[in-house]
Amino acid sequence: MKRPRLGFLGVGWIGRHRMNAILESGEADVVAIADNNAYVASDAAKNAPNACVVTSLDELLDCDLDGVVIATPSALHPEQSIAALDRGVAVFCQKPLGRSQLETSRVIDAARRANRLLGVDLSYRFTNAIDAMRREITSGRVGRVYAADLVFHNAYGPDKPWFYDAAESGGGCLIDLGIHLVDLALWMFGDVRAYNVRGQLFVNGRPFVRDGRAVEDHAIAHIELEDGAVIRVACSWNLSAGCDAEIGATFYGTRGAVAMRNENGSFYDFTAERFEKTSRITLASPPDAWGGRAAVEWTRRLARDARFDESIASLEEVARVLDSIYEQSGGQAILPVLELSA
Ligand SMILES: NC(=O)c1ccc[n+]([C@@H]2O[C@H](COP(=O)([O-])OP(=O)(O)OC[C@H]3O[C@@H](n4cnc5c(N)ncnc54)[C@H](O)[C@@H]3O)[C@@H](O)[C@H]2O)c1
């Protein structure tokens, strides 16, 4: 076991949160911090007194790092991740890893080539609620799962301008929130491939047409999997949701169902249950400090083994599904139907 030496690139809202979570875990040394905004970097460094503050990724990578945690605006993720991996440094990157499947695959290829661990902050996988539901599904208690409904409606939108520029963010609510839903769904179904995707995007209540700059604020998608299962996904920003947020995921099986819901509109508190006809039992309930768990787990894994883990390649399929939904909004070709095995 090696105690990892970590650098942090981008310590705005989420970067700072994840850095503090790793510091609190005591699993790594935070040795360097870089952010375009000097004030943001030095303010974050107050919590990491042994870290030096530098001004660029190159300087960060000169600090003899084992890993870099990237939380910059989304368009920067692929280039910055690949630069770190090419220098032999493991990466934990915020979602989305790329704005498209092509960008996502390029980063994964770089990690495979460098044989370095690559993690992405798909943080909802690490909630107690999803963990309990996944155990129910894999134990076979709910039978064969064949349908799922997932929603993430946010009564607010992001408060930083770059989120509203597709060149910088890759898109709107779909790549911001829907990525979590599509990832969770495919992961819970055991990384089965999607073979047919239909999606509709809206902006201000009208059909959204991509122009490379504007972004969607509501997305609805219907995803059929190779094994015949169907996933329905809906997400939005600035929706009249009747509360701060509506977040939920239900997976229906032949002998029961599992579901998670946020409590009282909370972004952080979730309850998970198993349903059998009209009865329900609680699987998980708040409190659950899950926000930094993916980052801390990546740090622990890095300490044990810094080599590439092939399981990250499942994100290429998530990106392919998102690409397909975006392509449909642009009037372009939809996801090509895969060759189904006999
Ligand atoms: N995993 C999750 O659930 C989750 C939640 C929120 C945000 N995110 C993702 O985290 C990323 C950051 O989001 P945020 O809300 O923290 O944004 P933010 O704007 O608060 O933070 C981004 C930071 O990056 C800095 N920065 C910009 N360009 C840089 C560069 N070239 N080098 C170094 N620093 C640079 C900015 O100064 C800023 O401090 C986004 O990709 C977002 O999608 C993920």
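Residues numbered from 1 in each chain as written. Predicted model: local features only at pLDDT ≥ 70, side-chain atom pairs only at ≥ 80, totals over all residues. Heavy atoms only, no water.

Draft legend 1. Local environment of the site of the ligand. Around the ligand, the surrounding shell holds 25 residues, and the nearest of these are Asp35, Ser74, Gln94, Asp121 and Lys160. One of the backbone N or O atoms of Ile14 is found 2.9 Å from an oxygen atom in the ligand. Asp35 places a polar side-chain atom, nitrogen or oxygen, 2.5 Å from an oxygen atom of the ligand. With the chains in place, 85% of the 850 Å² that the ligand exposes on its own is no longer accessible. Where the shell around the ligand is concerned, the elements lending two or more residues are helix 1 (13–25) and helix 4 (77–86). Examining the composition of the shell around the ligand, we find that 3 residues originate from one element, helix 1, more than from any other. For the shell around the ligand, the class distribution of residues is 9 nonpolar, 11 polar and 5 charged. (Near = heavy atom within 4 Å. Polar contact = N/O pair within 3.5 Å; in protein donor to acceptor, adjacent residues only side chain to side chain. Areas by Shrake-Rupley, 256 points an atom, 1.4 Å probe, with all protein chains shown as cover. Helix = DSSP H or I, 4+ residues; strand = E, 2+ residues; numbered from the N terminus. Nonpolar A, V, L, I, M, F, W, Y, C, P; charged D, E, K, R; others polar.)

Draft legend 2. Highlighting the pairing of strand 1 (residues 5–9). Counted residue by residue, strand 1 has 4 buried out of 5 residues, so it is predominantly covered. Pairing between strand 1 and strand 2 (residues 29–34): 5 bridges, direction parallel. Considered in strand 2, the bridge of Arg5 is made with Asp29. In this fold, strand 1 hands off to helix 1, which returns the chain to strand 2; that crossover is right-handed. By the bridge criterion, 4 bridges tie strand 1 to strand 4 (residues 67–70) in an arrangement that is parallel. Paired with Leu6 across the bridge in strand 4 is Gly67. (Buried < 20%, exposed > 50% of the residue type's maximum accessible area, 1.4 Å probe, protein only. Pairing = 2+ DSSP bridges. Right-handed = clockwise from strand over helix to strand, strands pointing away.)

Draft legend 3. Structural context of helix 6 (residues 128–139). The end-to-end C-alpha distance of helix 6, which contains 12 residues, comes to 16 Å, matching closely the 16 Å that a straight helix rising 1.5 Å per residue would cover. Three or more residues of helix 6 are buried, namely Ala129, Ile130, Ala132, Met133, Glu136 and Ile137. All buried residues of helix 6 lie within an arc of 160° about the axis, which places them on one face of the element. Projecting away from the buried face of helix 6 at angles above 90 degrees are the exposed residues Arg135 and Thr138. (Expected span 1.5 Å × (residues − 1). Arc of directions from axis to C-beta.)

Draft legend 4. Examining the packing of helix 8 (residues 173–188) against helix 10 (residues 314–329) more closely. Where helix 8 contacts helix 10, the axes come no closer than 10 Å and their chain directions differ by 130°. Considered as vectors, helix 8 and helix 10 are oriented oblique to each other. Between helix 8 and helix 10 lies a crossing whose hand is right-handed. Here Leu174, Ile175, Ile179, Val182, Asp183 and Leu186 of helix 8 lie close against helix 10, whose contacting residues are Leu315, Glu317, Val318, Val321, Leu322, Ile325 and Tyr326. In terms of residue class, the contact of helix 8 with helix 10 is made up of 11 nonpolar, no polar and 2 charged. (Axes fitted to C-alpha atoms, helices over the stretch in contact; angles between N-to-C directions. Parallel < 35°, antiparallel > 145°, perpendicular 65-115°, else oblique. Left-handed = near helix turned anticlockwise from the far one by under 90°. Contact = heavy atoms within 4.5 Å.)

Draft legend 5. Structural detail: helix 9 (residues 293–304). Its 12 residues give helix 9 an end-to-end C-alpha distance of 17 Å, which sits within 8% of 16 Å, the value for a rise of 1.5 Å per residue. Taken together, the buried positions of helix 9 are occupied by Ala294, Ala295, Val296, Trp298, Thr299, Leu302 and Ala303. Buried residues along helix 9 sit in contact with strand 1, helix 1, strand 4, strand 5 (90–93) and strand 6 (118–120).

Draft legend 6. Fine view of the domain arrangement of the protein chain. Domains assigned within the protein chain are domain 1 (5–123 + 293–310) and domain 2 (125–288 + 320–329). Here domain 1 and domain 2 have C-alpha centroids that lie 26 Å from each other. Contact residues are listed per partner, giving 16 residues for domain 1 and 20 residues for domain 2. Taking both sides of the interface into account, the surface hidden between domain 1 and domain 2 amounts to around 1,500 Å²; carbon and sulfur atoms contribute 55%. Taken together, the connections running from domain 1 to domain 2 amount to 2 salt bridges. Across the domain 1-domain 2 interface, the total number found is 10 residue pairs in polar contact (both at pLDDT 80 or more). With 3 residues, helix 9 is the largest single contributor of residues to the side of domain 1 that touches domain 2. Considering only residue class, the side of domain 1 that touches domain 2 consists of 6 nonpolar, 5 polar and 5 charged. (Domains from an automatic or database assignment. Buried area = accessible area lost by both parts, 1.4 Å probe. Salt bridge = Lys/Arg side-chain N within 4 Å of Asp/Glu carboxyl O.)

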